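Structure assessment
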Amino acid sequence: MDQLAPPNGAKFDRAVATTFALDLTATLLPALAFTGFHLASGTSDPIATLESIRSTADRIDVFCQAGAIGVPEKSPDLLAFLEPMVHPVRPPSSHGLFHPKVWFIRYVDDAGPPSYRLLVLTRNLTMDSSWDLAVRLDSESIAKKTQPASAALRDFLVSLPDRATPSLSGARRKAISELADEAGRIVWELPPSAEQAVLHYLNPNRKRSTDFSGARHLVVSPFVDAAGLSRIRPKGEIQILSRAEELEKLETVTTSRLKARVLDELAVSQEVEGSRLGGQLHAKMYVVEQSQNWSKSHVFIGSANATGAAFTNNTEFLVEIRGHKNHFGIERFLGDDGTFMAMTEPYQPTEAEVDEAEDALQRELENAVRRVAGMTFSVEVISSGTDDTHDLHLTSEKPFSLEPGWHATVELLTLPEHGAPVGPGVALDTVVPAVPTPDITPFLAIRVVSPTGLLASTVVVAALINEPKDRLDVVLARQMDSPDKFLRFLFFLLSLGKPAALVDRASTRSTGTGGASPFGEGGSGVLEMVLGALATRPEALADLDALVARLEGTEAGRKALPEGFSEFWSVVRDAATANKELA
């Protein structure tokens, strides 16, 4: 998260992110970095997270492979505020995947022009524990014309809205288009010792821009095959760091030219005080030392594995850093004192048997889930009860493409107990009765099971039709079940974009889930923050007023308000109205 935090004096404005796999719970975290709320406490405060998401969801777009959104063990109410920013996309080809891992962010500063940051990652937006790499580029300036080194980023961003299912709103399309135009004109600051940075957008039928020709090659990739390695170097020795189980799958004609290493046992399984610090290799990097200019080396880092599919069928994104091999050569990574040497060991073939039939079936299940997830789904509110409940009609545009004997279930992510069975060649068409307003969701969990019990699952984002206008207000009110939570929410809402204020209060008052209100006992400090917002952020008070009105409408809600707050807020309402009339 630290790499996403705004530069000193700046604040978050807009971001576009891409990932192959996505955990909805992990998607909550970047908003904390963007708003500065993570500075206030080392703990995870759900109220802070709630306001972070509410305040940034209309300015963040996250694109991921359809069928690769994990089903969370629990579905907290916070996920409702992620709905507008999560965009599953269809694969770029029948045998390909949408696989890039990128963050592009714009920050604004009242004292100067906007600044930009690009993160090119090997890591998905998940909570997995793995060894990954990241390259961060910060903007130096923005030119009037497209910069050759940044044109790939512009083209990549422009392509995203048309890939999404369901379609993006016009406002989001326009915002991404504007961001893409700016991205193409950025002049980037170079990493230390780098001489040049070039961006590469890989997509089927797009002209190849990566050049791996050279005298010596190092490949770091968790997944490999002969076609991918031949793309990196058709003939000759390749030094490689990969996973043992992947190297086992290669034929002798390929392994005979590899000088292979794998992560050692400590790197994979290390734990400290019950927390896992190690993990499987997931980094992707290619180091190419030049033959014509022997002192130069090129390092490619990004999403592409060393497989034929990555360079032929998939959508991928890489950054290429060029510089002297003393800084970017193979010895810097796998020399005696190299970055990776101490955590690796030579690969020793084990000839372990692999259940290829089960692996193949699992891949088929996952492919089927991706096909299903690429369809259009809808959740329509078709009737409402008198006790704030609703009947929901769940449908899919097409029948499920499943093998004979397979079956699927579809459920609202918020109500897993209401799973609807769907068989091969049958479209989803079911009604879920009496759904409480805050449990209405476009997130559907789909699970596909084989006759042998193998399972693959995902979350899809359906089109939500006829939703109650106050749905998110009800979700928000359900979080405010105590005066302490209400005061914390007020604090985070009115402190938005002012990390210094957060740090100042957090230094003396806990904002953790089990701590006291950030205003101290009795809510001291409310008046000063409300008066400040009245003068500088009246829209925040209008937002808070909707919540207060909803809480005042029920007995449970009134108990969640601090003693005397309703009387205080009545005065604030009058002052806000007077201010509006004067303006």
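Up top is the structure these notes are about.
What counts and how
- For every chain, the first residue of its written sequence is number 1, and the numbers climb from 1 along that sequence.
- Owing to the predicted nature of the model, reporting of local features is limited to residues with pLDDT of at least 70; listing and counting of side-chain atom pairs is limited to 80 or more, with chain, interface and lining totals taken over all residues.
- Excluding hydrogens and water, the side-chain figures rest on all heavy atoms present in the structure.
- Under the scheme used here, helices are H or I runs from DSSP no shorter than 4 residues and strands are E runs no shorter than 2 residues, and both carry numbers assigned from the N terminus.
- Exposed residues in this analysis have more than 50% of their type's maximum accessible area, buried residues have under 20%, and partly exposed residues fall in between, with area computed by a 1.4 Å probe over protein chains only.
- Residues are treated as being in contact if the distance between any of their heavy atoms lies within 4.5 Å.
- All accessible areas in this document rest on Shrake-Rupley with a 1.4 Å probe, and a residue is counted as covered only by the protein chains that are shown.
- Each Phe, Tyr or Trp ring (for Trp, its six-membered ring) is paired with any other whose centre lies within 6.5 Å, and the angle between the two planes then decides the class: stacked below 30 degrees, edge-to-face above 60, tilted in between.
- The span one expects for a helix is its residue count, reduced by one, times 1.5 Å.
- Two N or O atoms form a polar contact when they lie within 3.5 Å of each other; inside protein one atom must be a possible hydrogen donor and the other a possible acceptor, and for residues adjacent in sequence the pair counts only when both atoms belong to side chains.
- Two kinds of site are reported from a 1 Å grid over the protein atoms alone, namely cavities, where a 1.4 Å probe fits but cannot get out, and pockets, open sets with protein on both sides within 12 Å along at least five of seven lines, and residues are called lining when an atom falls within 4 Å of a point.
- Grid points are joined across faces, edges and corners, and a volume is the space filled by probe spheres set on the points.
- When residue character is reported, Ala, Val, Leu, Ile, Met, Phe, Trp, Tyr, Cys and Pro are called nonpolar, Asp, Glu, Lys and Arg charged, and the others, Gly included, polar.
- An automatic or database domain assignment provides the domain bounds reported here.
- The criterion for strand pairing is that DSSP finds at least two bridges linking the strands in question.
- Between the N-to-C directions of two axes lies an angle of 0 to 180 degrees, each axis being a line fitted to C-alpha atoms and, for a helix, fitted only over the stretch in contact.
- Here a salt bridge means any side-chain nitrogen of Lys or Arg lying within 4 Å of a carboxyl oxygen belonging to Asp or Glu.
- Nonpolar cores were defined as sets of buried Ala, Val, Leu, Ile, Met, Phe, Trp, Tyr and Cys residues, with membership established by side-chain atoms within 4.5 Å.

This next bit is on the overall build of the chain. Regarding its fold elements, the chain presents 19 helices and 27 strands. Buried residues in the chain amount to 51% of all 583 residues. Put simply, of all contacts in the chain between residues at least 6 apart along the chain, 71% involve residues at least 24 apart. Taken as a whole, the chain presents about 26400 Å² of accessible surface, with 51% of it coming from carbon and sulfur.

Here we come to the packing of aromatic side chains. Under the criterion given, the structure shown has 15 aromatic pairs. Measuring from ring centre to ring centre gives 5.8 Å for Phe-333 and Phe-340, while their planes differ by 35°; the resulting arrangement is tilted. When its relative accessible area of 14% is taken as the criterion, Phe-333 is described as buried. On the numbers, 6.1 Å between centres and 90° between planes, the contact of Phe-377 with Phe-400 is edge-to-face. Residue Phe-377 is found in strand 20 (residues 377-384), and its partner Phe-400 is found in the loop between strand 21 (389-396) and strand 22 (407-412); the two are separated by 23 residues along the sequence.

Between its first and last C-alpha, helix 3 (residues 151-163) extends 19 Å over 13 residues, near the 18 Å set by a 1.5 Å rise per residue. All buried positions along helix 3 are accounted for by Ala-151, Ala-152, Leu-153, Phe-156, Leu-157, Ser-159, Leu-160, Pro-161 and Arg-163.

With that settled, the discussion passes to the environment of Lys-101. Assignment of secondary structure puts Lys-101 in the loop between strand 3 (86-89) and strand 4 (102-109). For the pair Lys-101 and Ala-17, spaced 84 residues apart in sequence, the C-alpha separation works out to 7.3 Å. When sequence neighbours within four positions are dropped, the list of residues in contact with Lys-101 reads Thr-18, Thr-19, Phe-20, Leu-119, Val-120, Leu-121, Thr-122, Arg-123, Asn-124, His-282, Lys-284 and Ser-303. At 3.0 Å, the side chain of Lys-101 forms a polar contact with the backbone oxygen of His-99.

Another aspect to go through is empty space enclosed by the protein. Applying the stated criterion across every chain, the model contains two cavities of 30 Å³ or more. One number sums up the size of the largest cavity: a volume of about 70 Å³. Forming the walls of the largest cavity are Ser-75, Pro-76, Asp-77, Leu-79, Ala-80, Glu-83, Thr-414, Pro-438, Ile-440, Thr-441, Phe-443 and Val-475. Looking at side-chain class alone, the lining of the largest cavity contains seven nonpolar, three polar and two charged residues. Of the residues that make up the lining of the largest cavity, three or more belong to each of domain 1 (2-189) and domain 3 (360-469). Its volume calculated, the second largest cavity comes out at about 50 Å³. In terms of lining residues, the second largest cavity is bounded by Pro-88, Thr-165, Pro-166, Ala-373, Met-375, Thr-376, Phe-377, Val-460 and Val-461. Partitioned by chemical class, the residues of the lining of the second largest cavity number seven nonpolar, two polar and no charged. Counting residues domain by domain, the lining of the second largest cavity receives three or more from each of domain 1 (2-189) and domain 3 (360-469).

Our next topic: the pairing of strand 7 (residues 134-142). In this sheet, strand 7 lies alongside strand 5 (residues 112-121) in antiparallel orientation, the contact comprising five bridges. Looking across to strand 7, one finds that Val-120 is bridged to Val-135.

Right, let's talk about the sheet that holds strand 24 (residues 429-436) for a bit. Neighbouring strands of a sheet are bound in pairs by backbone hydrogen bonds; such pairs are parallel or else antiparallel. Taken in spatial order, the four strands of this open sheet run 24-21-20-27, and their pairing is mixed. Here the strands that pair on one side only, and so sit at the sheet edges, are strand 24 and strand 27 (463-465). Taking each pair of neighbouring strands and ignoring which way they run, the sheet shows an average axis angle of 25°.

Here the focus is the pattern of salt bridges. Taken as a whole, this structure holds 28 salt bridges when the rule is applied. Residues Arg-216 and Glu-331 are paired through a salt bridge, measuring 3.5 Å at the closest nitrogen-oxygen approach. Of this pair, Arg-216 sits in strand 10 (residues 216-220) while Glu-331 is found in helix 11 (residues 331-334), placing the two residues 115 residues apart along the sequence. Between Lys-249 and Glu-246 there is a salt bridge whose closest N-O contact spans 3.1 Å.

This part takes up helix 14 (residues 483-494). Spanning 12 residues, helix 14 covers 16 Å between terminal C-alpha atoms, matching the ideal 16 Å at 1.5 Å per step. For helix 14, a buried count of nine out of 12 residues is recorded, marking the element as mostly surrounded by other parts of the structure. All buried positions along helix 14 are accounted for by Phe-486, Leu-487, Arg-488, Phe-489, Leu-490, Phe-491, Phe-492, Leu-493 and Leu-494.

Grouped together as the largest cluster of nonpolar side chains are 66 residues, with contacts concentrated most on Leu-24, Trp-103 and Phe-486. With eight residues, helix 14 is the largest single contributor of residues to this core. Among residues more than four places away in sequence, those in contact with Phe-486 are Met-480, Leu-544, Leu-547, Val-548, Leu-551, Ala-560, Leu-561, Pro-562 and Phe-565.

Right, let's talk about the pairing of strand 4 for a bit. Burial of strand 4 is extensive: six of the eight residues sit out of reach of the surface. As judged from the seven bridges shared by strand 1 (residues 11-19) and strand 4, these two strands associate in the antiparallel manner. Each bridged residue has a counterpart across the sheet, and for Arg-14 the counterpart in strand 4 is Arg-106. Direction of pairing for strand 4 relative to strand 5: antiparallel, over a ladder of seven bridges. Bridge pairing in strand 5 links Phe-104 to Leu-118. The turn linking strand 4 back onto strand 5 is made up of two residues.

Strand order in this open sheet of eight strands is 9-18-17-16-10-11-12-19, and the pairing throughout is mixed. Each of the sheet's edge strands pairs with one partner strand only, and the pair in question is strand 9 (194-202) and strand 19 (344-346). Pairwise comparison of adjacent strand axes, ignoring direction, gives a mean angle of 20° for this sheet. Pairing between strand 17 (residues 296-302) and strand 18 (residues 316-324): seven bridges, direction antiparallel. Within the sheet, the bridge partner assigned to His-298 lies in strand 18 and is Arg-322. Relative to strand 9, helix 3 is tilted by about 25°, and along the sheet it contacts strand 9 and strand 18.

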